[in-house]
Amino acid sequence: MRGLIRLHAIRSAITALFFMVALPALAEEQMRFDKEPLLIQTAAGKLLHFTVEIASTPDQRAYGLMFRKAMADDAGMIFDFDEPRRVTMWMENTILPLDMLFADDTGAIRHIKEKAVPYSRDIIDSMGKVKYVVELNAGIVAKLGIKPGDRIVSATTTKQTK
């Protein structure tokens, strides 16, 4: 009987060790996202070109850019929330500092959060109803002069709703 209890304890310890090692590795495994070109049309008439990943499902929106260690200067992610609504986000498990563009259903940028802090649980609020959020590397907004009133244009923002 003692041997059986000891065997059970060893199996439990091995199982616990597996989950301690495997789960963090699985969490860092990236979810798959489709990509598309995205333009930002500034009020000053500039066209800024990016390639963004598309987060359109609840799981993709929840995962976002978590665990990413690097992202190209002309890359980002667009979150499509289907219907305009007030959106709140946070940076937990997000390694990269980000600039966030909150846009309405026409693609017009209504609010910008610059330099969102990695790993922060602070709530980042859209400050009104939006349909899209675009996340870019922190500092891109200031570097390129992106402002509220500028417009994002991509296949996601121009698709017809049914």
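My aim in this report is to walk through the structure given alongside it, one point at a time. (Residues numbered from 1 in each chain as written. Predicted model: local features only at pLDDT ≥ 70, side-chain atom pairs only at ≥ 80, totals over all residues. Heavy atoms only, no water.)

1. Topic: the environment of D82
1) Next: Turning to its location among the elements, D82 is positioned in strand β3 (residues 75-89).
2) Next: Between the C-alpha atom of D82 and that of T57, which follows or precedes it by 25 residues, the distance is 9.2 Å.
3) Next: Here D82 is in contact with R61 and K131, once residues within four sequence places are set aside. (Helix = DSSP H or I, 4+ residues; strand = E, 2+ residues; numbered from the N terminus. Contact = heavy atoms within 4.5 Å.)

2. What to know about the sheet that holds strand β7 (residues 151-154)
1) Next: On the basis of which strands lie adjacent, the open sheet formed by seven strands has the order β5-β4-β6-β3-β2-β1-β7 and mixed pairing. Of all strands in the sheet, those bounded by a partner on one side alone are β5 (109-116) and β7. Between one strand and the next, the sheet's axes are offset by a mean angle of 35 degrees, whatever the strand orientation.
2) Next: Relative to strand β6 (residues 124-137), strand β4 (residues 98-103) is paired through six bridges, and the arrangement is antiparallel. By the bridge assignment for β6, L101 is matched with V134. (Pairing = 2+ DSSP bridges. Axes fitted to C-alpha atoms, helices over the stretch in contact; angles between N-to-C directions.)

3. Let's talk about the environment of T158
1) Next: Take T158: it is sitting in helix α4 (residues 155-158).
2) Next: Take T158: its relative accessible area is 46%, and that puts it in the partly exposed class.
3) Next: Considered as a pair, T158 and D105 are 53 residues apart in the sequence and their alpha carbons are 9.1 Å apart. (Buried < 20%, exposed > 50% of the residue type's maximum accessible area, 1.4 Å probe, protein only.)

4. Here we look at the environment of T157
1) Next: Assignment of secondary structure puts T157 in helix α4.
2) Next: For the pair T157 and D104, spaced 53 residues apart in the sequence, the C-alpha separation amounts to 9.4 Å.
3) Next: Apart from residues lying up to four places away in sequence, T157 is in contact with I78, D105, Y132 and I152.
4) Next: A polar contact of 2.9 Å, which involves the side chain of T157, links it to the backbone nitrogen of S154. (Polar contact = N/O pair within 3.5 Å; in protein donor to acceptor, adjacent residues only side chain to side chain.)

5. What to know about the pattern of salt bridges
1) Next: On inspection of all chains with the given rule, the structure shows seven salt bridges.
2) Next: Salt-bridge contacts for R61 lead to D82; the nearest nitrogen and oxygen are separated by 4.0 Å. Taken as a pair, R61 in helix α2 (residues 58-63) and D82 in strand β3 lie far apart in primary sequence, 21 residues in all.
3) Next: Between K159 and D80 there is a salt bridge, with its nearest N and O atoms 2.8 Å apart. Highlighted residues: K159 in the segment after α4 and D80 in strand β3, separated in sequence by 79 residues.
4) Next: For K159, a relative accessible area of 42% gives the class partly exposed. (Salt bridge = Lys/Arg side-chain N within 4 Å of Asp/Glu carboxyl O.)

6. Here's the deal with the packing of aromatic side chains
1) Next: The tally for this structure, following the rule as stated, stands at two aromatic pairs.
2) Next: A ring pair is formed by F79 and F81, whose centres lie 6.4 Å apart and whose planes are at 15 degrees; its orientation type is stacked. Of the two residues, F79 and F81, neither departs from the other in class, the shared state being buried. (Phe/Tyr/Trp six-rings, centres within 6.5 Å; stacked < 30°, edge-to-face > 60°.)

7. Thoughts on the nonpolar core
1) Next: Among the nonpolar cores identified, the biggest contains 22 residues, and F79, M89, M100, F102 and V133 are the most heavily contacted of them.
2) Next: With six residues, β3 is the largest single contributor of residues to this core.
3) Next: By size, the runner-up hydrophobic cluster in this structure holds 18 residues, among which are L48, I54, I112 and Y132. (Core = buried A, V, L, I, M, F, W, Y, C linked by side-chain atoms within 4.5 Å.)

8. A closer look at the pairing of β4
1) Next: Among the six residues in β4, six count as buried, and that is most of the element.
2) Next: Residues L98, M100 and F102 line one face of β4 and the alternating positions D99, L101 and A103 line the opposite face, and both faces are buried.
3) Next: Here five bridges tie β4 to β5, and the two strands are oriented antiparallel to one another. Residue pairing in the sheet places A103 in a bridge with I109 of β5.

Bear in mind that shape data such as this cannot, by itself, settle questions of function.
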